[in-house]
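Residue-level structure breakdown
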Amino acid sequence: MKTLQDYIDKLNALNFKDMYNGDFFLTWEKTDEELEAVFTVADALRFMRENNISTKVFESGLGISLFRDNSTRTRFSFASACNLLGLEVQDLDEGKSQIAHGETVRETANMISFMADVIGIRDDMYIGKGNKYMHDVVDAVTEGNKAGILEQKPTLVNLQCDIDHPTQCMADMLHIIHEFGGVENLKGKKLAMTWAYSPSYGKPLSVPQGVIGLMTRFGMDVVLAHPEGYEVMPEVEEVAKKNAAASGGSYRRVNSMEEAFKDADIVYPKSWAPFAAMEKRTDLYGNGDFDGIKALEKELLAQNAQHKDWACTEELMKTTKDGKALYLHCLPADITGVSCETGEVDASVFDRYRDPLYKEASYKPYIIAAMIFLAKFQNPQEILKKLEERNTPRILK
Amino acid sequence: MKTLQDYIDKLNALNFKDMYNGDFFLTWEKTDEELEAVFTVADALRFMRENNISTKVFESGLGISLFRDNSTRTRFSFASACNLLGLEVQDLDEGKSQIAHGETVRETANMISFMADVIGIRDDMYIGKGNKYMHDVVDAVTEGNKAGILEQKPTLVNLQCDIDHPTQCMADMLHIIHEFGGVENLKGKKLAMTWAYSPSYGKPLSVPQGVIGLMTRFGMDVVLAHPEGYEVMPEVEEVAKKNAAASGGSYRRVNSMEEAFKDADIVYPKSWAPFAAMEKRTDLYGNGDFDGIKALEKELLAQNAQHKDWACTEELMKTTKDGKALYLHCLPADITGVSCETGEVDASVFDRYRDPLYKEASYKPYIIAAMIFLAKFQNPQEILKKLEERNTPRILK
Amino acid sequence: MKTLQDYIDKLNALNFKDMYNGDFFLTWEKTDEELEAVFTVADALRFMRENNISTKVFESGLGISLFRDNSTRTRFSFASACNLLGLEVQDLDEGKSQIAHGETVRETANMISFMADVIGIRDDMYIGKGNKYMHDVVDAVTEGNKAGILEQKPTLVNLQCDIDHPTQCMADMLHIIHEFGGVENLKGKKLAMTWAYSPSYGKPLSVPQGVIGLMTRFGMDVVLAHPEGYEVMPEVEEVAKKNAAASGGSYRRVNSMEEAFKDADIVYPKSWAPFAAMEKRTDLYGNGDFDGIKALEKELLAQNAQHKDWACTEELMKTTKDGKALYLHCLPADITGVSCETGEVDASVFDRYRDPLYKEASYKPYIIAAMIFLAKFQNPQEILKKLEERNTPRILK
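An unreviewed UniProt entry lists chain A under the name Knotted carbamoyltransferase YgeW, with Candidatus Caccovicinus merdipullorum as the source organism. Quoted straight from UniProt, the Sequence similarities (unreviewed entry) entry for chain A says "Belongs to the aspartate/ornithine carbamoyltransferase superfamily."

Next up, the structure:
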């Protein structure tokens, strides 16, 4: 695309009216056109920033972040997205706050939202909890808005839950689209989402689940590979199957990394914890059974160690399409000989893909900003046009 | 009110010229007209925000926050108020800072204030300390400004001290004014500020003190109720008595929650620690007597436990005016069966008043913003008018 | 200077074109004219702020801060500088982040920089590490920018490294320039940078090194005084010698505070740790030798205690030029009888210089802002002119 009008024209052809005043929980709750709208607005915002056109649409307003897990990439992506649109990030650091024992989500959600336009939450640790918590927050602020407590309903952006990691997977996908020169070139491409060994245990399932839940929508042949016992949520596999059928692609699961990599156009080798074990851990935490948790950790690490051969090696990369599959990772990766003795990927493979990997990550702020943009404006095309006409430079010139 | 001009007209009739370049420590250091100016500007700012008119008056500038106690509500209210006016919050986290042992307040205050327009402080833990500290800060930055070190004198907003909690009580009061349809309807209304049992001890006195120090100024019949031994600062009771006499209302203290609730129009049941005990605790901390502190805590919890019958029950609510008194709380409340076994309020009472309680809290950012606004502009009416004429949308449209 | 044009005229006479898109590591890597450009832009920005002209040149963008040591003054100075120009500070708190063991600097630097215009780093604890780390960050983001990952190359501002503390020393110097009425009045003035006793050990060397590396460039007679064993980095002394020769001043090292103070026009008495000991400590940390570190600490404290007579007393101050040398300190100072029993300076001396000391500190935000300004604009004169013509008030009026 060469002009902003191209992006606007593309949006004009799409139906995404239900995104207005909405939230972003799971990619498979959105229509294909809605996802395309997110990609298009993300590209438009990047285009404008590259051309030094300010996309500040808020004169004031807060973007609340709540991270229930350490984070660098997503934290900075959220901060960047808010800043790009004019929102100031205010972090709800539960350690510094006075959230009373037994205080309802409804109360906290309203108390922090008087001037909040966005709430971004990362809550991925406990199966059955994270996504539910986000819904509770949205229900609370929706009620608060209706009751006249909040002048606006903040939009929720899922920054990673127990089920999906939509901002990550949408950024991954936008990277794929750009690398392959457009969505129209993806039909029949083979994508391998595979488990890989890592010396740490308990990595979230949201990335593999998000990937098979999203990337089956573009006519690709998506293969999920993992050792037996590393199953993901069955509901998400059902989503993947339906998506594949609808998009003219395919989805299947195998227990061999070799099979998945064979002739793959795109590979995404990454460690995760077995769904059933994570469910068990959630229960153990719920019961305060710390001995049980320790025993489970030991068991999981031992189980992982049986699969050290699941690694993205140079040999394996050679078996992909022309030996040049696009290598993806949400980062940070466990790199053999760099961040650990034996890890997910050979150092030489990782090094070769460093620039594309960072480029992949660079889409996340724009994806988040696009999700906010589409929730806040009924007619985003008009707003984009106004921003172009206003032509305020991002950096004075 | 229907137009911004109505608020401006109201301000035109008030004398608040001494607020310019001033600070906000205690409500009873302000005249009635000054308090009315705060309410009016708060309402005007809310009106503008509701009508999507930006009230950003600062292009740059910092709002410094210093919280010496955990906080969610006040922290987010301060952040919201600063953001609404265009200031960026910078938190002075004493843990992360390099404040030297023995470093003077004067030094710290100046070092953080080079570009600070506001300093908000919460320091409510130690009797005789918090308010004094705030004055020390103001003295320091006033000197710094005079000496040409600071280009501006930051205004201090008391976000809770050992004596008063002005932003909370002013928000409570603005809520009352709106619920009763105007200050003119408050004459003769009965307000019960009463102690209530909580399983935690050592809750600050600033709310009950702030309430009797402020709400006696509107012609209401204010009753302070608590078990013997839970006295508040005598100086503040003196203030309450004088206020009541001047406003044509009344102030009295009783040792019966029933008596206070009887026919009350407004009830504010809330736990606090005895003033004398808090004074003792301050001394124990000063002497580093941690055994003494532990003994005192035990003693206070035992004392509290003798008064579990001091609770805002459904039965008690029925005895209020038409059984429908306006229930107030600064939040978070200790709710029986929700946040604790036995607490300040029945769950069903709390639930019924949830929306008004949250509405009450929603005024705090506007009260804080109004305090800043009145300290920064010699002619706030003119500035409000300019903002209306400038008509920059808060969210682009 | 009376008008902004005076500053612009001054800039027009200077060559600083290499600062565009550059970084600020060490003062002695910059030419005299480049340093003068920093002072001039700092003064111009202060002039504009004092005249209520907004200097907001960024509509959006982040200023990333990374503090590997506690900080109040520098933290707030960086936040103030960013805010003054329109950047929002986002702190990279390594405790809250997910920086993987073995993760490359290159990765972290890129991941946080998608929308970063500035990165400010304080990393002064380990000899041979801090400055190197900053270069690694700059190399990484430069590559990232070239590879199309980052739309801009963030500029690095050294907020204190193991070698230099350029923002501090430039602020100190600008204070000197103003106190003496211009750079042209400094020729032949005597400046004493001297060690002073403090009960704490291990204070960074960056200030004395920064001072002798910078202040030898203005034709002054610079004397470094310290007890034997408290040597600074020899490379920096070489820089000081060359500077002095080039500027027509002098540099020498003595082991007597009395000799240094004698007839001095400016004194900077301050504790620091011996360079060799800090190097040893760095190695001990590297080897995880915590017993060795403890032993070293004990040894250093004992060594310090032998030099309690190295203090800036009233007696010593009397020996300076007219008994009225300008007393400098980067703060916080160890004040005898105030912050410690025996410290760097007499309480009465410190008190007498309080206002000038705070004024000295007040230049730091402007110095930082000027460094950013000169890195971001090819023609800063034109931008200053535009800001004046735009004439947006910092506070609405």
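Here chain A shows a mean pLDDT of 95. Residues at 70 or above account for 98%. Confidence estimates for the predicted assembly give a pTM of 0.97 and an ipTM of 0.95.

Another aspect to go through is the interface of chain B and chain C. The interface is formed by 40 residues belonging to chain B together with 40 residues belonging to chain C. Buried surface at the junction of chain B and chain C, summed over both partners, amounts to about 3800 Å²; 53% is from carbon and sulfur atoms. At the junction of chain B and chain C, the tally comes to 5 salt bridges. For E151 of chain B, the salt bridge identified is with R49 of chain C, shortest N-O distance 3.3 Å. Where chain B meets chain C, there are 17 residue pairs in polar contact (both at pLDDT 80 or more). Mapped onto the side of chain B that touches chain C, the elements with two or more residues apiece are β1 (62-67), β2 (88-91), α4 (105-111) and α16 (380-390) of chain B.

On to the environment of S65 of chain C. Residue and element names in this part refer to chain C. When you line up the elements, S65 lands in strand β1 (residues 62-67). Linking S65 and S247, residues 182 residues apart in sequence, is a C-alpha distance of 35 Å. Those residues within four positions of S65 in sequence are excluded, and the remaining contacts are F78, V89, Q90, D91, L92 and G120. Side chain to side chain, S65 and D91 meet in a polar contact 2.7 Å long.

Residue and element names in this part refer to chain B. With parallel pairing, the 4 strands of this open sheet are ordered in space as β2-β1-β3-β4. Edge positions in the sheet fall to β2 and β4 (155-161), since each has one partner strand and no second. Geometrically, the sheet is characterised by an average inter-axis angle of 20 degrees between neighbouring strands, direction not taken into account. The pairing of strand β3 (residues 116-123) with β4 spans 5 bridges and is parallel. Looking at the pairing, G120 lines up with V157 of β4.

Here we come to the interface of chain C and chain A. Each partner contributes to the interface: chain C provides 40 residues, whereas chain A provides 40 residues. Across the chain C/chain A interface, buried area totals approximately 3800 Å², and carbon plus sulfur atoms make up 53% of it. At the junction of chain C and chain A, the tally comes to 5 salt bridges. Here D355 of chain A ties to R106 of chain C by a salt bridge, and the two come within 3.5 Å at their closest N and O atoms.

A few words on the relation of the copies chain C and chain A. Superposition record for chain C on chain A: RMSD 0.0 Å, screw rotation 120 degrees, translation along axis 0.0 Å. Here the transformation between the copies is reduced to the relation of a three-fold axis. Residues of chain C ranked by C-alpha distance from the rotation axis are headed by E88 of chain C, positioned 4.6 Å from it. In this assembly, only 8% of the residues forming the interface of chain C have copies in chain A that are likewise at the interface, indicating a heterologous arrangement.

All names here are of chain A. Read across the open sheet, the 4 strands follow the order β2-β1-β3-β4; overall the sheet is parallel. Because the sheet does not close on itself, it has two edges, and the strands there are β2 (88-91) and β4 (155-161). Each adjacent strand pair in this sheet contributes to an overall mean axis angle of 20 degrees, direction not counted. Most of the contacts of helix α15 (residues 364-376) go to β4, to which it runs at about 150 degrees, and overall it touches β3 (116-123) and β4.

A few words now on the pairing of strand β6 (residues 221-225) of chain C. Residue and element names in this part refer to chain C. Counting buried positions along β6 yields 4 of 5 residues, so the element is predominantly enclosed. In the sheet, strand β5 (residues 190-195) pairs with β6 via 5 bridges, with the strands oriented parallel. Paired with T194 across the strands is A225, a residue of β6. Here β6 pairs with strand β7 (residues 250-254) via 5 bridges, running parallel. Bridged to V222 within β7 is Y251.

Reading guide: rules and limits
- Residues numbered from 1 in each chain as written.
- Chains lettered and ligands numbered in written order.
- Predicted model: local features only at pLDDT ≥ 70, side-chain atom pairs only at ≥ 80, totals over all residues.
- Heavy atoms only, no water.
- UniProt positions renumbered as here; feature names shortened; annotations may be inferred.
- pLDDT = per-residue confidence, 0-100.
- Contact = heavy atoms within 4.5 Å.
- Buried area = accessible area lost by both parts, 1.4 Å probe.
- Salt bridge = Lys/Arg side-chain N within 4 Å of Asp/Glu carboxyl O.
- Polar contact = N/O pair within 3.5 Å; in protein donor to acceptor, adjacent residues only side chain to side chain.
- Helix = DSSP H or I, 4+ residues; strand = E, 2+ residues; numbered from the N terminus.
- Pairing = 2+ DSSP bridges.
- Axes fitted to C-alpha atoms, helices over the stretch in contact; angles between N-to-C directions.
- Least-squares fit on C-alpha atoms with pLDDT ≥ 70 in both.
- Buried < 20%, exposed > 50% of the residue type's maximum accessible area, 1.4 Å probe, protein only.

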